[in-house]
Amino acid sequence: MVKNLKINPKKIKMYGAALLIVLVFIMLLTLWPKSFAYSECGQCEMLGVNANIERIEGIAFGPLGMQIKAIVNTTCYQRISADYEFKNGTIKLMVKPIGEAISNHCLCDRELTFNLPNHTKAKIIELYYSGKLLDKRSIIANNLSDGAEFCDSDVRYRPICYYRLAFMKKDPSFCKKTVDDKACRQELEEFLTLKCLGFHDEEYCNNIFVKGE
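Residues numbered from 1 in each chain as written. Predicted model: local features only at pLDDT ≥ 70, side-chain atom pairs only at ≥ 80, totals over all residues. Heavy atoms only, no water.

Caption draft 1: Molecular detail of the nonpolar core. Core analysis: the biggest nonpolar cluster contains 19 residues, and Ile68, Ile91, Leu93, Ile125 and Leu127 have the highest contact counts within it. For this core, the secondary-structure elements that each account for two or more residues are strand E2 (55-62), strand E3 (65-75), strand E5 (90-98), strand E6 (107-116), strand E7 (124-129) and strand E8 (132-140). With 4 residues, the single largest contributor to this core is E3. Beyond its immediate stretch of four places on either side in the chain, Leu127 contacts Arg55, Ile56, Ala70, Ile71, Val72, Leu93, Val95, Lys132, Leu133, Leu134 and Asp135. Core analysis: the second largest hydrophobic core is formed by 10 residues, Leu47, Phe167, Leu188 and Leu192 among them. (Core = buried A, V, L, I, M, F, W, Y, C linked by side-chain atoms within 4.5 Å. Buried < 20%, exposed > 50% of the residue type's maximum accessible area, 1.4 Å probe, protein only. Helix = DSSP H or I, 4+ residues; strand = E, 2+ residues; numbered from the N terminus. Contact = heavy atoms within 4.5 Å.)

Take a look at the structure:
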């Protein structure tokens, strides 16, 4: 004779919730390495005057892996794709346009978010757009270097690297190794003036740059 089995609703709910949590965690682990997102135009911090300077913006580490933020410039309404490659301690972030640009009369700066596995042996991060190297940094104690150590390693990359450093460091001396020293210095002064005007009046800001303080 078979006895009636008692069903405990509380235990069923508990086991169901636990199973759901496990499934969600497995799904996150599956999606995390390839997940990628980008912001709308103009939602990222401005570095530069005429156009946002393309760059690797930051890196963070979490329980599911590493998250890298970068900024690229595209034409407005341009669709883009992003992928990455990890080889010999270097993470290459590769961004490409998809299809033809709808309009070439408008520039859009986008903040990209790469969610990657936790590559503990990664030492260098490189950012590419359409195959062109935009930025290159070392990872030191889970932080990004300023990238100055790579500025002289490639003749084609050198002007971009020093131009970025001039604005990041707020130091016009880096402009000497860009394509146009004078233009770089003028843009940097305009950028710093605009930054200053966000906190002080026009007279104060003009006095700072006239006196070279």
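Caption draft 2: Representation of the side chain of Arg137 within the structure. Following the sequence through the fold, Arg137 ends up in strand E8. Polar side-chain contacts of Arg137 include one of 3.0 Å to the backbone oxygen of Ile56. (Polar contact = N/O pair within 3.5 Å; in protein donor to acceptor, adjacent residues only side chain to side chain.)

Caption draft 3: Focus on the sheet that holds E6. Ordered by their spatial adjacency, 4 strands build an open sheet running E1-E6-E3-E2, and the pairing between neighbours is antiparallel. Looking at which strands have only one partner, the edges of the open sheet turn out to be strand E1 (36-38) and E2. On average, each strand axis in the sheet is inclined to that of its neighbour by 20°, with strand direction left out of account. Two elements, E3 and E6, share 10 bridges in a ladder whose sense is antiparallel. Following the sheet pairing, Val72 is matched in E6 by Arg110. (Pairing = 2+ DSSP bridges. Axes fitted to C-alpha atoms, helices over the stretch in contact; angles between N-to-C directions.)

Caption draft 4: Here's a closer look at the state of the cysteines. All told, the structure shown has 4 disulfides when counted by the stated rule. Here Cys41 pairs with Cys108 through a disulfide, and the sulfurs are 1.8 Å apart. Here the S-S torsion is close to -110°, and the disulfide linking Cys41 with Cys108 is therefore left-handed. Here the residue Cys41 occupies a position in the loop between E1 and E2, and Cys108 occupies one in strand E6, the gap between them amounting to 67 residues. The class of Cys41 is partly exposed, set by a relative accessible area of 36%. Since its relative accessible area comes to 0%, Cys108 is described here as buried. Note that Cys175 is cross-linked by a disulfide to Cys184, the S-S spacing being 2.1 Å. Judged by the sign of its S-S torsion, about -60°, the cystine formed by Cys175 and Cys184 is left-handed. A disulfide-free cysteine, Cys44 has its sulfur positioned 7.9 Å from the sulfur of Cys108, the nearest such atom. (Disulfide = S-S within 2.5 Å.)

Shape descriptors only; they carry no functional weight alone.
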